[in-house]
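Spelled out from the first residue to the last, the chains are:
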Amino acid sequence: MNEQYQHKARKRFGQNFLHDAGVIDKILRSIRAKPDDRLLEIGPGQGALTAGLLNSGARLDVIELDKDLVPILNHQFGGKPNFSLHQGDALKFDFNSLDAAPGSLRVVGNLPYNISTPLIFHLLANAALIHDMHFMLQKEVVERLAAGPGGGDWGRLSIMVQYHCRVEHLFNVGPGAFNPPPKVDSAIVRLVPHATLPHPAKDHRVLERVVREAFNQRRKTLRNTLKLLLSADEITAAGVDGGLRPEQLDLAAFVRLADKLSEKPIPA
Ligand code: SAM
């Protein structure tokens, strides 16, 4: 990089820059961007993934919070007609402002770990715009996203993300691929919003509430954790054994509980 554009990684922005060309190539091959794609990169940093994404010929918007990276990104990519830079916080970004067709946005990001969960929820609120998402996340978070019922990884994050998306844990990446190296292992995950929800709830906010309540005390039985929302009889009427613990229930069972709650007047 040009001397004038030296940048020191900032911890508060979760900056761990990818420098391993093999890993960068593997990520780009998993995404397989095509010229007609509408790409959105969150946190381009110094452009490790950005260059390859732009080379596909696709239109690419990037959102970067760190003002000091703006000249570095503009110096490298500002002259490219398919590149647009938005300086700001991706958590507050209005994805509708991109004017992308429904189901077209392909979102990519080596995400800062401190914002990964709220950012995924912010993106899921705009799932109708999105074609797919490829993220580098903490490996432990990817394991929770991809988990199935019955184990300790299955929880609020797995259920709410799998409600909206198919999840694929693609591959793991060790700390040495980054500069500076993070303290934890990372992994690449692909999230693909369902064209039709496999288990639609009457109201997804009610589903969120039931799941949050159930996992607040994951060692207790559903009869216990949900008692302020549903009686033992109502849980049984939803086709669920109230003696089970929340981690033993699949998504469909949580949706049945949520729909049972949706039938009732909202508790105070
Ligand atoms: N994509 C680059 C790479 O792979 O080398 C950088 C990855 S680094 C882990 C995360 C990037 O996200 C940093 O450039 C950081 O400044 C940026 N960032 C942090 N918080 C952000 C936010 N709320 N919105 C947008 N970008 C953010």
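Rules used throughout
- Residues numbered from 1 in each chain as written.
- Predicted model: local features only at pLDDT ≥ 70, side-chain atom pairs only at ≥ 80, totals over all residues.
- Heavy atoms only, no water.
- Helix = DSSP H or I, 4+ residues; strand = E, 2+ residues; numbered from the N terminus.
- Buried < 20%, exposed > 50% of the residue type's maximum accessible area, 1.4 Å probe, protein only.
- Areas by Shrake-Rupley, 256 points an atom, 1.4 Å probe, with all protein chains shown as cover.
- Lys, Arg positive; Asp, Glu negative; His and termini not counted.
- Charge placed at Lys NZ, Arg CZ, Asp CG, Glu CD.
- Contact = heavy atoms within 4.5 Å.
- 1 Å grid on protein atoms, 1.4 Å probe; cavity = no way out; pocket = protein on both sides within 12 Å on 5 of 7 lines; lining within 4 Å.
- Points joined across faces, edges and corners; volume = space filled by probe spheres on them.
- Nonpolar A, V, L, I, M, F, W, Y, C, P; charged D, E, K, R; others polar.
- Near = heavy atom within 4 Å.
- Polar contact = N/O pair within 3.5 Å; in protein donor to acceptor, adjacent residues only side chain to side chain.
- Pairing = 2+ DSSP bridges.
- Axes fitted to C-alpha atoms, helices over the stretch in contact; angles between N-to-C directions.
- Salt bridge = Lys/Arg side-chain N within 4 Å of Asp/Glu carboxyl O.
- Parallel < 35°, antiparallel > 145°, perpendicular 65-115°, else oblique.
- Left-handed = near helix turned anticlockwise from the far one by under 90°.

Chemist: Outline the overall build of the protein, listing residues and values.
Modeler: Within the protein, the secondary structure is distributed over 10 helices and 9 strands. Here the C-alpha coordinates of the protein stretch approximately 70 × 40 × 30 Å along the principal axes. Buried residues in the protein amount to 49% of all 268 residues. Counting every atom, the protein has about 12,900 Å² of accessible surface; 49% of that belongs to carbon and sulfur. The averaged location of the 29 negative side-chain charges in the protein is 4 Å from the averaged location of its 33 positive side-chain charges.

Chemist: Got a sec to walk through the environment of Phe-17? Specific residues and values, please.
Modeler: Here Phe-17 is to be found in strand 1 (residues 17-18). Each C-alpha atom, one on Phe-17 and one on Pro-180, is 6.9 Å from the other, the two residues being 163 residues apart in sequence. Setting aside residues up to four positions removed in sequence, Phe-17 forms contacts with His-7, Ala-9, Gly-45, Gln-46, Leu-69, Ala-177, Phe-178 and Asn-179.

Chemist: Outline empty space enclosed by the protein, listing residues and values.
Modeler: One pass over the full model with this rule turns up 1 cavity of 30 Å³ or more. The wall of the largest cavity is formed by Ile-27, Leu-49, Val-108, Gly-109, His-134, Phe-135, Met-136 and Ile-188. Broken down by secondary-structure element, the contributors of at least two residues to the lining of the largest cavity are strand 5 (105-110) and strand 6 (130-138). For the lining of the largest cavity, the element with the most residues is strand 6, which contributes 3 residues. Class assignment of the residues belonging to the lining of the largest cavity gives a composition of 6 nonpolar, 2 polar and no charged.

Chemist: Can you tell me about the site of the ligand, naming the residues and giving the values?
Modeler: Around the ligand sit 22 residues in total, of which Leu-18, Gly-43, Glu-64, Asp-89 and Asn-110 are the nearest. One of the backbone nitrogen or oxygen atoms of Gly-43 is found 2.8 Å away from a nitrogen atom of the ligand. Pro-44 has a polar backbone atom sitting 3.4 Å from a nitrogen atom of the ligand. A total of 600 Å² of accessible area belongs to the ligand in isolation, and the protein chains cover 98% of it.

Chemist: Explain the side chain of Glu-41 to me, using residue names and the numbers behind them.
Modeler: Residue position: Glu-41 is located in strand 2 (residues 38-42). Among residues more than four places away in sequence, those in contact with Glu-41 are Leu-49, Thr-50, Leu-53, Leu-60, Asp-61, Val-62, Ile-63 and Val-108.

Chemist: Can you lay out the sheet that holds strand 4 (residues 83-87) for me, pointing to particular residues and giving the numbers?
Modeler: Taking strand neighbours across the sheet as the criterion, the 7 strands line up as 4-3-2-5-6-9-7 in an open arrangement whose pairing is mixed. The outermost strands of the open sheet, each flanked by one partner alone, are strand 4 and strand 7 (165-173). For this sheet, the mean angle separating the axes of adjacent strands, direction not counted, is 15°. Most of the contacts of helix 1 (residues 21-31) go to strand 7, to which it runs at about 160°, and overall it touches strand 5, strand 6, strand 7 and strand 9 (186-193).

Chemist: Can you break down the pattern of salt bridges residue by residue, with the values?
Modeler: Evaluated as defined, the whole model comprises 18 salt bridges. Note that Asp-132 and Arg-106 form a salt bridge whose closest N and O atoms lie 2.9 Å from each other. Residue Asp-132 is found in strand 6, and its partner Arg-106 is found in strand 5; the two are separated by 26 residues along the sequence. For the pair shown, Asp-132 and Arg-106 are each scored as buried. The network of salt bridges with shared partners includes Lys-34, Asp-37, Arg-106 and Asp-132.

Chemist: With reference to specific residues and values, describe the packing of helix 7 (residues 204-216) against helix 10 (residues 251-262).
Modeler: Two numbers describe how helix 7 lies on helix 10: the axes approach to 9 Å, and their chain directions differ by 115°. As far as their axial angle goes, helix 10 and helix 7 are roughly perpendicular. By crossing handedness, the relation of helix 7 to helix 10 is classed as right-handed. Side by side, helix 7 and helix 10 meet where Val-206, Leu-207, Val-210, Val-211, Ala-214 and Phe-215 of the first sit next to Phe-254, Val-255, Leu-257, Ala-258, Leu-261 and Ser-262 of the second. Of the residues belonging to the contact of helix 7 with helix 10, the class tally is 11 nonpolar, 1 polar and no charged.

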